[in-house]
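# Working through the structure, step by step
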Amino acid sequence: GCCLLPAIATFVVQAKYIYLYPTMSKLSFVILSMIVAACSAFAPLAQVRTVATPMVVAQQSSPFVLNMAEDTYWEAEYPPSKVLGPLMSKMPSGLLGMVSLVFLGICAYSCGQSFVLQQEPGAIASGSWVKWYYVLGSFGGPLAWGTHVAAWIQRKNGM
């Protein structure tokens, strides 16, 4: 109880008021919460047994069948185009290659401009070098990688 209080918070007494400054910052709390959530994702589930009552469900026929769980296994050197989804499986490899280059250019430009802003005096300390549009542009790197793999798959499939 009483011995833990200094470890949890720092008290500063000024005049008649007591101010409480928590030592755990919001960022530390968020990071700790993410670690706990990630660890709990791999925890084994408790085995709960319930008694099931048989229930008869009327089968309704649907005018269309939604097949969400298609098999995407392949044994060849490269996968079929259908693994790319409904949009990219119909795009030619040349177009996917160009899209990949555009994403790569956006990522390189964003990283370069962030580097330029970091060189300004006091920018690192104040955080003024972080711009939302450069952060958004940095996602072009993973998108460039994904679209270049899609271009390779389409080229191997003759598209």
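Just above, that's the structure.
Everything numeric here is computed off the predicted structure, so don't read it as measured data.

### As for the overall build of the protein
The helix and strand inventory of the protein stands at seven helices and two strands. Along the protein, helices and strands appear, N-terminal first, in the series α-β-β-α-α-α-α-α-α. Within the span of the protein, comprising 159 residues, buried residues form 14% of the whole. Considering only contacts within the protein whose residues lie at least 6 apart along the sequence, 61% involve residues at least 24 apart. Looking at the protein as shown, the accessible area adds up to about 13500 Å², and 69% of this sits on carbon and sulfur atoms.

### Points about the nonpolar core
Formed by L84, M91, L96, A150, A151 and I153, the largest nonpolar core amounts to six residues. Top element by residues in this core is helix 7 (residues 140-156). It accounts for three residues. When sequence neighbours within four positions are dropped, the list of residues in contact with L96 reads M88, M91, T147, A150, A151 and Q154.

### Considering the packing of aromatic side chains
Going through the model one piece at a time under the given rule, you end up with three aromatic pairs. Ring centres 5.6 Å apart and planes at 80° place the aromatic pair W132 and Y133 in the edge-to-face group. Relative to Y134, the ring of Y133 has its centre 4.8 Å away and its plane inclined at 70°; by these criteria the two rings are edge-to-face. The class of Y133 is partly exposed, set by a relative accessible area of 41%.

### A word on the pattern of salt bridges
Evaluated as defined, the whole model comprises one salt bridge. For the salt bridge of E77 with K156, the shortest nitrogen-to-oxygen distance reads 3.7 Å. One end of the pair, E77, is in the loop between helix 2 (26-41) and helix 3 (85-88); the other, K156, is in helix 7, and 79 residues separate them in sequence.

### A word on the packing of helix 4 (residues 93-118) against helix 7
Interaxial distance between helix 4 and helix 7 falls to 8 Å at its minimum, and their mutual angle equals 165°. Considering their axes alone, helix 4 and helix 7 lie roughly antiparallel with respect to each other. You can see that helix 4 and helix 7 cross each other, and the crossing is left-handed. Seen from helix 4, the contacting residues are S93, L96, G97, V99, S100, F103, L104 and C107; seen from helix 7, they are G140, G141, L143, A144, T147, H148, A150, A151, Q154 and R155. By residue class, the composition of the contact of helix 4 with helix 7 is nine nonpolar, eight polar and one charged.

### A closer look at a nonpolar patch on the surface
Residues V130, W132, Y133, V135, L136, F139 and L143 make up a contiguous nonpolar surface patch of about 750 Å² in total accessible area. Looking at which element gives the most residues to the nonpolar patch, the answer is helix 6 (residues 132-138), with four residues. Inspection of the secondary structure puts F139 in the loop between helix 6 and helix 7.

Procedures and definitions
Residues numbered from 1 in each chain as written. Predicted model: local features only at pLDDT ≥ 70, side-chain atom pairs only at ≥ 80, totals over all residues. Heavy atoms only, no water. Helix = DSSP H or I, 4+ residues; strand = E, 2+ residues; numbered from the N terminus. Buried < 20%, exposed > 50% of the residue type's maximum accessible area, 1.4 Å probe, protein only. Contact = heavy atoms within 4.5 Å. Areas by Shrake-Rupley, 256 points an atom, 1.4 Å probe, with all protein chains shown as cover. Core = buried A, V, L, I, M, F, W, Y, C linked by side-chain atoms within 4.5 Å. Phe/Tyr/Trp six-rings, centres within 6.5 Å; stacked < 30°, edge-to-face > 60°. Salt bridge = Lys/Arg side-chain N within 4 Å of Asp/Glu carboxyl O. Axes fitted to C-alpha atoms, helices over the stretch in contact; angles between N-to-C directions. Parallel < 35°, antiparallel > 145°, perpendicular 65-115°, else oblique. Left-handed = near helix turned anticlockwise from the far one by under 90°. Nonpolar A, V, L, I, M, F, W, Y, C, P; charged D, E, K, R; others polar. Patch = residues over 30% accessible without salt bridge, like charges linked within 9 Å, V, L, I, M, F, W, Y side chains within 5 Å.

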